[in-house]
Amino acid sequence: MEIQRDPLGFLTYLHQTYGDVCVHRLGPFDYYLVAHPDGIKRILQDNHPNYSKRLIDMQTVGYVSGPGILIADGADWMRRRRLMQPAFHRDKIQQMMLTMVALTNAWIQELPVGQRLKANSSITLLTLRIATNTLFSLDLDQGASEVMECFSKLNELLIRRFRAGKLFRPIPLFSDDRVFLRTLRRFDEIIDGIIAGRRARPDGSFDLLSMLMLARDEEDGGFLSDIELRSEIKTLLLAGFETTSNALGWSVFELGRRPELAETLAREAEESLGAGEFSHETLTRIPQLKSFFEEILRVYPPAWYTARRAEAADTLCGFEIPAGARVVVSPYLLHRHPEFWAEPNEFDATRFLGSHRLGAHRFSYFPFGGGPRQCIGNQFAMAESLIILANLLRTYRISLPRTTPPEVRPLITLRMQEDIEMVLEPRERP
Ligand code: HEM
């Protein structure tokens, strides 16, 4: 009940009371909480093949995504990763930045000025547009709104299942399960339609769908089948969109209640960026904004925990872990570990600037995971977030009618309990 009520408080209590490795029982299973970077390095990197994703909560995500890269294991995962990795190459992200900039600028023009508006919902609209455009080159008038509506509904239904602890396979006996299955079927039809349309009329689009369709495995010469493509598209939407939206929602909150910091970051963006241009090189010209966003990912890591199953017995930080044990690692905990962070509970936007950077151990900071299964979209997410924040800041002053911190709601990702309101005032441009 404690885990259901306050998962972050419970994990923090376990860590503070029992130390860096401890075990607790949940139902029939023992869960090993590992909160030392050495242990995390072993799980995610040094001995990663021993730690699979054969877990019930992964299967629950799999009801929506199908057997995609996020939940696959072993040779199947490796093949999917080999096929998908090139689509996330630096050069490809560079191209996608053009779309991100264009859509961000259009969104900025549409935002109502001087009125209260829901920050998260508004940002979500933009991140979904960026997702549908970079994935399938769909604009709003070409059916993107149907994809966005159906996916948002599915995502909410999945989150509701997690919240209710309904991790089992949906059964059509229950009415909310029937809604879930119906929405999922509709979403599959939409994605299948997009794939079939692209197969019938290849249009030379430069998007993730085209790259995944053309990807050829250098080891076996094979391609992703249409069923596999469907799973991977859904996986990319699930893994990529809510994580980024939530981090941006927290960013708006922290900027809204720190006007001086917002001014500094706005000035940096204005002085360093040209007229809408953005590239990997640009990121190096806005170090203060980058450091601010890295701090957001430290304090509010969207993927606040991940889990694995130990396939064979192992030793982590001197503790025996039996075969079959569930192992939990939490960026939220590690990012506050007092041994690795000075003043871990303070929000310090300069923490990641140059030599100020603290948290010396690679695995004391891992908002994007680590090892071979590190987030495939990390560069995508960083570029998208910095483009949105830089352009928002240089165009508007953000204020918040209410500056009390919203309650943190750890579901699949680290959400706010309620959407926050913001008011935007235009900045005078020099
Ligand atoms: C701020 C935004 C994001 C955060 C914090 C984040 C975080 C993570 C983390 C922690 C993992 C590893 C999970 C584990 O080890 O169990 C992961 C995996 C993954 N992420 Fe992200 N992610 C973000 C954005 C994205 C985006 C934009 C995409 C795609 C466009 C994406 C696609 C994926 C995929 C496909 C995986 C699975 C990789 C594999 O297992 O090989 N993520 N992400």
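For the structure itself, look to the data block above.
This report concerns the structure included in the present document. (Residues numbered from 1 in each chain as written. Predicted model: local features only at pLDDT ≥ 70, side-chain atom pairs only at ≥ 80, totals over all residues. Heavy atoms only, no water.)

On to the site of the ligand. Around the ligand lies a shell of 24 residues, among which W77, R81, T306, R308 and C375 are the nearest. R308 is positioned with one of its side-chain polar atoms (N or O) 2.8 Å from an oxygen atom of the ligand. Taken together, the elements giving at least two residues each to the shell around the ligand come down to helix 5 (74–84), helix 11 (226–256), strand 5 (306–310) and helix 16 (378–395). For the shell around the ligand, the element with the highest residue contribution is helix 11, accounting for five residues. Of the residues in the shell around the ligand, the class split is 14 nonpolar, six polar and four charged. (Near = heavy atom within 4 Å. Polar contact = N/O pair within 3.5 Å; in protein donor to acceptor, adjacent residues only side chain to side chain. Helix = DSSP H or I, 4+ residues; strand = E, 2+ residues; numbered from the N terminus. Nonpolar A, V, L, I, M, F, W, Y, C, P; charged D, E, K, R; others polar.)

This part takes up the nonpolar core. Of all hydrophobic cores here, the largest spans 138 residues; its most connected members are F136, F278, L289, F292 and F293. Per-element accounting of this core gives the leading share, twelve residues, to helix 11. Sequence-distant contacts of F292, that is, excluding residues within four places in its chain, are made with S251, E254, L255, L261, L265, F347, A349 and L389. (Core = buried A, V, L, I, M, F, W, Y, C linked by side-chain atoms within 4.5 Å. Buried < 20%, exposed > 50% of the residue type's maximum accessible area, 1.4 Å probe, protein only. Contact = heavy atoms within 4.5 Å.)

In this section: helix 3 (residues 37–46). For helix 3, the set of buried residues is P37, G39, I40, I43 and L44. Axial view of helix 3: buried residues confined to an arc of 155 degrees, hence all on one face. Looking at the buried residues of helix 3, the elements they touch are strand 2 (29–34), strand 3 (51–52), strand 5, strand 6 (314–316), strand 8 (326–329) and helix 15 (331–334). (Arc of directions from axis to C-beta.)

So, on to the packing of helix 9 (residues 175–200) against helix 11. Close contact between helix 9 and helix 11 brings their axes to 10 Å; oriented N to C, the two are set at 120 degrees. Relative to helix 11, helix 9 is oriented oblique. The interaxial crossing formed by helix 9 with helix 11 has right-handed handedness. Between helix 9 and helix 11, the residues in contact are L184, F187, D188, I191, D192, I195 and R199 and D226, L229, R230, I233, K234 and L237, respectively. Among the residues making up the contact of helix 9 with helix 11, the classes are represented as seven nonpolar, no polar and six charged. (Axes fitted to C-alpha atoms, helices over the stretch in contact; angles between N-to-C directions. Parallel < 35°, antiparallel > 145°, perpendicular 65-115°, else oblique. Left-handed = near helix turned anticlockwise from the far one by under 90°.)

What follows deals with the sheet that holds strand 3. Pairing is mixed across the open sheet formed by five strands, whose spatial order is 1-2-8-5-3. Every interior strand has two partners, whereas the edge strands, strand 1 (21–26) and strand 3, have only one. Here strand 2 runs beside strand 8; their pairing, made up of three bridges, is parallel. Across the sheet, residue Y31 finds its bridge partner in strand 8, namely R326. Along the sheet face, helix 2 (residues 7–18) touches strand 1 and strand 2 and points at about 135 degrees away from the line of strand 1. (Pairing = 2+ DSSP bridges.)

Moving on, we come to the pattern of salt bridges. Oppositely charged side chains are able to pair whenever their charged atoms sit close together. Taken as a whole and judged by the stated rule, the model has 37 salt bridges. The salt bridge involving R82 is made with D217; its shortest N-O contact spans 2.7 Å. Linking R82 in helix 5 with D217 in the loop between helix 10 (208–214) and helix 11, this pair joins segments that are 135 residues apart in sequence. Since its relative accessible area comes to 27%, R82 is described here as partly exposed. Assessed through its relative accessible area of 2%, D217 is described here as buried. Notably, a salt bridge pairs R285 with E281, separated by 2.9 Å at the nearest N-O pair. (Salt bridge = Lys/Arg side-chain N within 4 Å of Asp/Glu carboxyl O.)

This brings us to the packing of aromatic side chains. The final tally for this structure, using the stated rule, is ten aromatic pairs. Pairing W250 with F253 gives two aromatic rings, centres 6.4 Å apart and planes at 80 degrees, and the pair type is edge-to-face. Placement of both W250 and F253 in helix 11 is noted, with a separation of three residues, approximately one turn of the helix. Per residue, the accessibility class of W250 equals that of F253, and both read buried. Where W250 meets Y300, the ring centres are 4.1 Å apart and the plane angle is 5 degrees; that geometry is what we call stacked. You can see W250 sitting in helix 11 and its partner Y300 sitting in the loop between helix 14 (287–299) and strand 5, a full 50 residues away along the chain. Exposure class is identical for W250 and Y300. Each is buried. Each member of the aromatic cluster is reached from another via a ring pair, and the members are F151, F187 and F241. For the cation-ring pair, R336 lies above Y332, with the distance from its terminal atom to the ring centre recorded as 3.8 Å. For R362, the ring lying beneath its charged end belongs to F363, and the centroid distance is 4.6 Å. (Phe/Tyr/Trp six-rings, centres within 6.5 Å; stacked < 30°, edge-to-face > 60°. Lys NZ or Arg CZ within 6 Å of the ring centre and 35° of its normal.)

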